[in-house]
Amino acid sequence: GAGVSQTPSNKVTEKGKYVELRCDPISGHTALYWYRQSLGQGPEFLIYFQGTGAADDSGLPNDRFFAVRPEGSVSTLKIQRTERGDSAVYLCASSVGTSGSNEQFFGPGTRLTVL
Amino acid sequence: TQLLEQSPQFLSIQEGENLTVYCNSSSVFSSLQWYRQEPGEGPVLLVTVVTGGEVKKLKRLTFQFGDARKDSSLHITAAQPGDTGLYLCAGARTNAGKSTFGDGTTLTVKP
């Protein structure tokens, strides 16, 4: 079956601009996660959705970052007034939800470059 | 605060050698996952361990979860160039929710 997909694969923007990153999870997975990965580091947690609601947004670095999942499937990560420090690979993952063992399946990521 | 420490950070070996990489924490996890990541791609799940002392084998890879569920190891027998990649461990405290990742071990297997 289809895995997690993310679009775009690459995004180059200028400092101060607004960007949206999209994630399509595995069909039937109720849990969806956003992580950010900088070069040489492991993924860093940003936010976790269970269904339509954000169950844990403790990893969002500041109020410029926001994510939605209005119908409990596709999610969009939104970054306002981008800064050069936001440059990273943004990874999305999904899992079956509370009935599973938290096995998360990752998409290929979106590489964001802020000039 | 880095909750999961992976060692070594880098490992370069010859084809056919054995190796072990480690994932250590002072925290208890309900489950721990090992992933392999190649450049330009997302992490690919290798295994999940949930029981203290559990050992799982996946062909030439052997994964062990510590008795106290705070640490884990990955042993590769007779490494091959195709094993080259970044090996990440991730711990979870609940059945759903965020995972905490280590910074990984970059493995290079030379032919």
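Every residue gets a number counted from 1 within its own chain, in the order that chain's sequence is written. Working convention: letters from A go to chains and numbers from 1 go to ligands, in the order in which they are written. Totals for whole chains, interfaces and linings use every residue, but because this is a predicted model, local features are given only for residues with pLDDT of at least 70 and side-chain atom pairs only at 80 or more, for both listing and counting. To obtain the side-chain values, all non-hydrogen atoms of the structure were included, while hydrogens and water were left out.

(A) Expanded view of the overall build of chain A. Only DSSP runs of H or I with at least four residues qualify as helices, and only runs of E with at least two residues qualify as strands; both kinds are numbered from the N terminus onward. Counting its regular elements, chain A contains zero helices and 11 strands. This radius of gyration counts C-alpha atoms alone. The globule rule is 2.2 Å times how many residues there are, raised to the power 0.38. For 115 residues, the compact-globule estimate of 2.2 N^0.38 gives 13 Å, and chain A sits close to it at 13 Å. When the backbone C-alpha atoms are referred to their principal axes, chain A occupies close to 40 × 25 × 25 Å. Under the scheme applied here, a residue whose accessible area is under 20% of the maximum for its type counts as buried, over 50% as exposed, and between as partly exposed, the area being computed with a 1.4 Å probe on protein chains only. A buried classification covers 45% of the 115 residues belonging to chain A. Contacts in chain A between residues at least 24 apart in sequence constitute 53% of all its contacts with a sequence separation of at least 6. In these tables, accessible area is a Shrake-Rupley quantity obtained with a 1.4 Å probe, and a residue counts as shielded only by the protein chains included in the view. Only carbon and sulfur atoms are counted for the fraction: they give 48% of the accessible area of chain A, which is about 5400 Å². Charge counting treats Lys and Arg as positive and Asp and Glu as negative, with His and both chain ends excluded. Note that the charge is assigned to NZ on lysines, CZ on arginines, CG on aspartates and CD on glutamates. Computing the positive centroid from 11 side-chain charges and the negative centroid from 11, chain A places the two 8 Å apart. Any two residues having at least one pair of non-hydrogen atoms within 4.5 Å are treated as being in contact.

(B) Representation of unusual backbone geometry within the structure. Looking along the chain, the bond that leaves Thr7(A) and enters Pro8(A) is cis, with omega of -10°. Cis geometry marks the peptide bond from Ser7(B) to Pro8(B); its omega dihedral reads -10°. Note on placement: Pro8(B) falls in the loop between strand S1 (5-7) and strand S2 (10-14). Phi is positive for Arg81(A), which is not a glycine, with a value near 45°. The residue Arg81(A) is located in the loop between strand S8 (75-79) and strand S9 (88-95) in this model.

(C) Quick look at the interface of chain B and chain A. Contact residues are listed per partner, giving 23 residues for chain B and 24 residues for chain A. By buried area we mean the combined loss of accessible area, with a 1.4 Å probe, across both parts when two parts are placed together. At the boundary of chain B with chain A, total buried surface from both sides reaches about 1700 Å², with 51% on carbon and sulfur atoms. Note on definitions: salt bridges are taken to be side-chain nitrogens of Lys or Arg within 4 Å of carboxyl oxygens of Asp or Glu. There are zero salt bridges connecting chain B and chain A. The term polar contact refers here to a pair of N or O atoms within 3.5 Å; inside protein, the definition further demands a hydrogen-donor-capable atom paired with an acceptor-capable atom, and it admits residues adjacent in sequence only when both atoms are side-chain atoms. In this assembly, chain B and chain A are joined by eight residue pairs in polar contact (both at pLDDT 80 or more). Taken together, the elements giving at least two residues each to the side of chain B that touches chain A come down to strand S4 (31-37), strand S5 (44-49), strand S9 (85-92) and strand S10 (99-101) of chain B. Among the elements that make up the side of chain B that touches chain A, the one with the highest residue count is S4(B) (four residues).

(D) Main features of the confidence of the model for chain B. The quantity called pLDDT is the predictor's confidence in a given residue, expressed from 0 to 100. Looking at chain B as a whole, the pLDDT averages 93, with 96% of positions reaching at least 70. Least confident of the elements in chain B is S10(B), whose mean pLDDT is 92; most confident is strand S3 (residues 19-24) of chain B, at 98.

(E) The packing of aromatic side chains, seen in detail. Think of it this way: a Phe, Tyr or Trp ring, Trp meaning its six-membered ring, pairs with another when their centres are within 6.5 Å, and the plane angle makes it stacked under 30 degrees, edge-to-face over 60, tilted otherwise. For the coordinates displayed, the defined rule picks out nine aromatic pairs over all chains. Here a set of aromatic residues connected by ring pairs shows up, and it is made of Tyr33(A), Tyr35(A), Phe45(A), Tyr48(A), Phe106(A), Tyr35(B) and Phe101(B).

(F) Region of interest: the nonpolar core. Residue and element names in this part refer to chain B. Remark: nonpolar core denotes a set of buried residues (Ala, Val, Leu, Ile, Met, Phe, Trp, Tyr, Cys) joined through side-chain atoms within 4.5 Å. One finds Leu19, Leu32, Trp34, Leu74, Ile76 and Leu107 to be the most contacted residues of the largest nonpolar core, which totals 20 residues. Of all elements in the fold, only S3, S4, S5, strand S7 (61-65), strand S8 (71-76), S9 and strand S11 (105-110) reach the threshold of two or more residues within this core. Each residue touching Leu107, except ones within four places of it in the same chain, is listed here: Leu11, Ile13, Leu19, Ile76, Asp83, Thr84, Gly85 and Tyr87.

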